[in-house]
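These are the residues of each chain, in order.
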Amino acid sequence: MSHFHRKGRGRSGSRVAAAVRVLPFIGAAVGLPFLAPFDLPAQGTRPQPATPQSTSDGARFEGPLVLRLPASARLLGMANAGAAAADGDAVFYNPGMLPQARGVAVSAQRYGARATSGSFGSVQTFGAWSIGLGAQLLQYQGDAADPVGANDRGGPRLSDGGTVTAASTAFVFGVARIIKGVRVGASAKYAEERLDAIHDGGVALDVGVSKPLGPATLAMAVQNIGSDPDLDVLPGALPTRFTVGYGGGLLPLWEHWDLGMQTQVSVERDGFVRPAGGVELGYVPIEGVAVIVRSGLRLPRERDEPLATAGFGLNVDRFSFDWAVEPMRGGRPVVHRVGIRLR
């Protein structure tokens, strides 16, 4: 946790602190039903791919697609490097960070005019255990002639649109605790992909560990372990990956200025090695208020995915507003994500 995230937190009273602890789970009970997959018509134009080779490059699709997209506005500003992040949406990146994470995080992202994604994450502590709840939702339009094309090519393709109604969802429950100085966590998720009249879903598992090391945190996670999805005659593969990350608040640079960072390297299911990292520079004009700028670099995996991302944040005591931008390539629109965090 960086220095500018800690300023001014001691002023809230015990009643306010208790309310903040209860609020995330009230929000989860009220908000999660609205993030459930929408019902698709029983009758409709069903995509009829002839063979699994109907994907855009002949490979199996990886899905559900929502598991490959950003889940945090703050982290997207730092190239979506989140293995060592400690916000409410840590449940999407590494369950081993739950004992260090606190609060609620909500964010949404638009891909042109035809696709929207959103996420809700909450982490709270009960005794020796830390509990994380999360939900992710993606609604988009696919191409009837290439129904898994958007999935196959990832986020950049989502702005292309199409005529096939599609959705991708994931619901996550994670638990963690500290064992002999090491934070150990696991989470179970139900994830589902829908392409018009065909759909498939299943349970996947994440496991992770983290430990303070020097001025920041060293973290490791294995995500999306489980059975592969199968959309009719289109076999798929879960986006399983192993990630090692190091990040946090490093040091105050000088009066009113602080620096934080997030770095990670992921090895994906097919052996692709994906480094990513970013920094955030915070200006603290008065106690409890910080203005933050972010920037990140990553090795692009998807076609037309940008190399660099950027973002902005405003922290006022326990409340944070975040904005991030992905300048997609290939003539596609710039993609924005906005979010709020409550600690």
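In the block above lies the structure referred to throughout.
Residues numbered from 1 in each chain as written. Predicted model: local features only at pLDDT ≥ 70, side-chain atom pairs only at ≥ 80, totals over all residues. Heavy atoms only, no water.

Turning next to the overall build of the chain. Of the regular secondary structure elements, the chain holds four helices and 17 strands. Taken across its 343 residues, the chain has 52% of its residues classed as buried. Roughly 14200 Å² of accessible area belongs to the chain as shown, and the carbon and sulfur atoms make up 63% of that amount. (Helix = DSSP H or I, 4+ residues; strand = E, 2+ residues; numbered from the N terminus. Buried < 20%, exposed > 50% of the residue type's maximum accessible area, 1.4 Å probe, protein only. Areas by Shrake-Rupley, 256 points an atom, 1.4 Å probe, with all protein chains shown as cover.)

Okay, the packing of aromatic side chains next. Overall, the coordinates contain two aromatic pairs when judged by the stated rule. A connected cluster of aromatic rings, assembled from ring pairs, spans Trp254, Trp257 and Tyr283. Over the ring of tryptophan 129 we find arginine 177, and its NZ or CZ is 5.0 Å from the ring centre. (Phe/Tyr/Trp six-rings, centres within 6.5 Å; stacked < 30°, edge-to-face > 60°. Lys NZ or Arg CZ within 6 Å of the ring centre and 35° of its normal.)

Our focus in this paragraph is the side chain of glutamate 193. In this fold, glutamate 193 is placed in strand 6 (residues 182-195). Among the polar contacts made by the side chain of glutamate 193, one reaches the main-chain amide nitrogen of leucine 65 at a distance of 2.9 Å. A polar contact is formed between the side chain of glutamate 193 and the side chain of tyrosine 140, at a distance of 3.0 Å. (Polar contact = N/O pair within 3.5 Å; in protein donor to acceptor, adjacent residues only side chain to side chain.)

What follows covers the pairing of strand 12 (residues 257-268). Inspection of the sheet shows strand 12 paired to strand 13 (residues 273-283) by 11 bridges, in the antiparallel sense. Each residue of the ladder has a partner; that of valine 267, found in strand 13, is valine 273. (Pairing = 2+ DSSP bridges.)

Summarising the element assignment, glutamine 136 is placed in strand 4 (residues 129-142). Once residues within four sequence positions are removed from consideration, glutamine 136 is found in contact with Val66, Leu67, Leu69, Pro70, Ala71, Phe92, Gly118, Ser119, Ser168, Thr169 and Ala170. (Contact = heavy atoms within 4.5 Å.)

This next bit is on unusual backbone geometry. Following glycine 63, the chain continues to proline 64 via a peptide bond in cis, the omega torsion being 0°. The residue proline 64 is located in the loop between strand 1 (61-62) and helix 3 (73-76) in this model. A positive phi angle, close to 70°, is found at aspartate 304, a residue other than glycine.

A few words now on the pattern of salt bridges. With the rule as written, the count across this model stands at 19 salt bridges. Residue aspartate 87 is joined to arginine 341 by a salt bridge in which the shortest nitrogen-to-oxygen separation is 3.1 Å. With aspartate 87 in the loop between helix 3 and strand 2 (103-111) and arginine 341 in strand 17 (residues 334-342), this residue pair connects regions lying 254 residues apart in the sequence. Assigned by exposure class, aspartate 87 and arginine 341 land together as buried. (Salt bridge = Lys/Arg side-chain N within 4 Å of Asp/Glu carboxyl O.)

The next thing to look at is the pairing of strand 3 (residues 115-126). Burial analysis of strand 3 places 10 of its 12 residues in the buried class, which makes it a mostly covered element. Across nine bridges, strand 2 lies against strand 3 in antiparallel orientation. Of the residues in strand 3, the one forming a bridge with arginine 110 is threonine 116. The turn joining strand 2 and strand 3, which pair antiparallel and follow one another in sequence, is formed by three residues; a positive phi near 65° is taken by glycine 112. In the sheet, strand 3 pairs with strand 4 via 11 bridges, with the strands oriented antiparallel. Paired with threonine 116 across the two strands is glutamine 139, which belongs to strand 4. If you look at the hairpin formed by strand 3 and strand 4, you'll find two residues sitting between the two strands, and glycine 127 has a positive phi there, around 65°.

Turning our eyes to something else, we now look at the nonpolar core. Core analysis: the biggest nonpolar cluster contains 20 residues, and Tyr111, Leu138, Tyr140 and Leu158 have the highest contact counts within it. Counting only elements with at least two residues in this core, the list comes to strand 4, strand 5 (164-179), strand 6 and strand 7 (198-213). Leu75, Ala85, Met97 and Ala219 belong to the second largest nonpolar core, which has 17 residues in total. (Core = buried A, V, L, I, M, F, W, Y, C linked by side-chain atoms within 4.5 Å.)

In this section: the environment of methionine 328. Relative to the elements of secondary structure, methionine 328 occurs in the loop between strand 16 (319-327) and strand 17. Given the relative accessible area of 9%, methionine 328 is considered buried. Each C-alpha atom of the pair methionine 328 and proline 306 lies 5.3 Å from the other, and the pair is 22 residues apart in sequence.

A surface patch of nonpolar side chains, amounting to about 800 Å² of accessible area, comprises Val106, Tyr283, Val291, Val293, Phe312, Leu314, Val316, Phe319, Phe321, Val338 and Ile340. Among the secondary structure elements, those contributing two or more residues to the nonpolar patch are strand 14 (289-298), strand 15 (308-316), strand 16 and strand 17. With three residues, strand 15 is the largest single contributor of residues to the nonpolar patch. In this fold, valine 106 is placed in strand 2. According to the relative accessible area criterion, valine 106 is partly exposed, its value standing at 34%. (Patch = residues over 30% accessible without salt bridge, like charges linked within 9 Å, V, L, I, M, F, W, Y side chains within 5 Å.)

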